[in-house]
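Here's the letter readout for the chains.
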Amino acid sequence: IVKAEEEYDMGRGNAALESWQRLEQKASTPEKVNIARMGIMRVGRDIADYPMVLRVTEAILSSSAAGSEARNEAVFSRALALDRTGRTDEARVLWKSIAANTDDLYGAKSAFALAESLYDARELDKALAAAQDLTGSGTPHKYWLGRGFILLSDIYAAQGKDFEAKEYLRALRENYPGDESDIFEMIDSRLN
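Each residue is numbered by its place in its chain's sequence as written, counting from 1. Reporting in this predicted model follows two pLDDT cut-offs: at least 70 for local features of residues, and 80 or more for side-chain atom pairs to be given and counted; totals over whole chains, interfaces and linings ignore these cut-offs and use all residues. Neither water nor hydrogens contribute to the side-chain values; these are computed over all heavy atoms in the structure.

(A) The arrangement of the overall build of the protein chain in detail. Helices and strands together make up the secondary structure of the protein chain, namely eleven helices and zero strands. Only runs of H or I of at least four residues qualify as helices and only runs of E of at least two qualify as strands under DSSP, and these elements are numbered from the N terminus. When its helices and strands are written in sequence order, the protein chain yields α-α-α-α-α-α-α-α-α-α-α. Seen through its principal axes, the protein chain has C-alpha atoms that stretch 60 × 30 × 25 Å. Only protein chains enter the area calculation, which uses a 1.4 Å probe; residues under 20% of their type maximum are buried, those over 50% are exposed, and those in between are partly exposed. Counting all 192 residues of the protein chain, 46% fall into the buried class.

Right, here's the structure in full:
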């Protein structure tokens, strides 16, 4: 476990994947098997091996050894893999199943992914409602809250409501508590 975690943290995904796969085969407890599967899932998600993500998330979600945080991450990852393999409707169902729990990181990411998916499909009324659910949720995950406000701005712009779109961006630029440069780049590129 330590070796695989260190390899993953050092950015050596292939080596970490091999270690996690060995652990999955040799683990002596369901908890250790689950730890291995979580590692495999993360590497699979990172390298966009969505068939692997689908296989391993099915195993995680059918295991009683997975706690609620692990289950939420597995649901998010499975939905992402479904979406990336063209099964968007199934992905939306999964994202929606945990999107209301924005106190959890993967609940907040799922809420954003659901709203973004609807926006990308130009289902603007549904996207607006989903984005408003995220931004009004009180999530402690400021990055995903910020992304939610940027998405609200995009939705308003797509609806021809340019004033509202710009106001959301200006307010976010002035009040965003984080320092992630990509948030400010997204704001500036849209305002320009």
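From this point, things continue past the structure.
(B) Region of the structure containing the packing of aromatic side chains. For Phe, Tyr and Trp, rings pair up if their centres lie within 6.5 Å, where Trp contributes its six-membered ring, and each pair is then called stacked (planes under 30 degrees apart), edge-to-face (over 60) or tilted (otherwise). Counted by the stated rule, this structure contains six aromatic pairs. Arranged with centres 5.6 Å apart and planes meeting at 50 degrees, the rings of Phe76 and Tyr106 form a pair that is tilted. Residue Phe76 is found in helix α5 (residues 68-84), and its partner Tyr106 is found in helix α7 (residues 105-120); the two are separated by 30 residues along the sequence. A ring pair is formed by Tyr176 and Phe184, whose centres lie 5.8 Å apart and whose planes are at 75 degrees; its orientation type is edge-to-face. The exposure class assigned to Tyr176 is buried, which follows from its relative accessible area of 8%. By way of ring pairs, the aromatic residues Phe112, Tyr143 and Trp144 are connected into one cluster. A cation over a ring is seen here: Arg122 above Tyr119, with NZ or CZ 4.5 Å from the ring centre. Counted as over-ring charges are cases with an Arg CZ or a Lys NZ within 6 Å of the ring centre that also lie within 35 degrees of the ring normal.

(C) Local environment of the environment of Gly160. Structurally, Gly160 can be placed in the loop between α9 (142-158) and α10 (162-175). A relative accessible area of 54% means that Gly160 is categorised as exposed. Taking C-alpha positions, Gly160 is 39 Å from Arg71, a pair spaced 89 residues apart along the chain.

(D) Here's a closer look at helix α3 (residues 30-46). Multiplying 1.5 Å by the residue count of a helix minus one yields the expected span of that helix. The terminal C-alpha atoms of α3 lie 24 Å apart, and with 17 residues this matches the ideal 24 Å at 1.5 Å per residue to within 8%. When checking whether two residues touch, look at their non-hydrogen atoms; a contact exists if any pair is within 4.5 Å. On its buried face, α3 sits against α1 (2-9), α2 (13-26), α4 (50-61), α5 and α7. Following α3 by one or two positions, Ala48 has its phi on the positive side, about 60 degrees.

(E) Quick peek at the pattern of salt bridges. The salt bridge criterion pairs a side-chain nitrogen of Lys or Arg with a carboxyl oxygen of Asp or Glu, the two atoms within 4 Å. For the structure on display, the rule yields twelve salt bridges. Asp154 is the partner of Arg190 in a salt bridge, and the nearest nitrogen-oxygen pair spans 2.6 Å. One end of the pair, Arg190, is in helix α11 (residues 181-191); the other, Asp154, is in helix α9, and 36 residues separate them in sequence. Two residues, Arg170 and Glu167, come together in a salt bridge whose shortest N-O distance is 3.0 Å. Taken together, the residues span about one helical turn, with Arg170 and Glu167 both in helix α10 at a distance of three residues.

(F) Region of interest: the environment of Arg45. With respect to the secondary-structure elements, Arg45 resides in helix α3. Sequence-wise, Arg45 and Ile1 are 44 residues apart; in three dimensions their C-alpha atoms are separated by 19 Å. Excluding anything up to four places from it in sequence, Arg45 contacts Val53, Glu73, Ser77, Leu80 and Tyr106.

(G) Focus on the packing of α9 against α11. Where α9 contacts α11, the axes come no closer than 10 Å and their chain directions differ by 10 degrees. On the basis of the axis angle, α9 is roughly parallel to α11. Across the interface between the two elements, Tyr143, Gly146, Arg147, Ile150 and Asp154 of α9 pack against Asp182, Ile183, Met186, Ile187 and Arg190 of α11. Residue polarity follows a fixed list, in which Ala, Val, Leu, Ile, Met, Phe, Trp, Tyr, Cys and Pro are nonpolar, Asp, Glu, Lys and Arg are charged, and the others, Gly among them, are polar. Across the contact of α9 with α11, the residue classes tally to five nonpolar, one polar and four charged. Whenever a helix is involved, its axis is fitted only over the stretch in contact; in every case the axis is a line through C-alpha atoms, and angles between N-to-C directions fall within 0 to 180 degrees. In this scheme, roughly parallel covers angles under 35 degrees and roughly antiparallel covers those over 145, while 65 to 115 is roughly perpendicular and the rest are oblique.

Everything listed is a geometric property; what it means functionally is a separate question.
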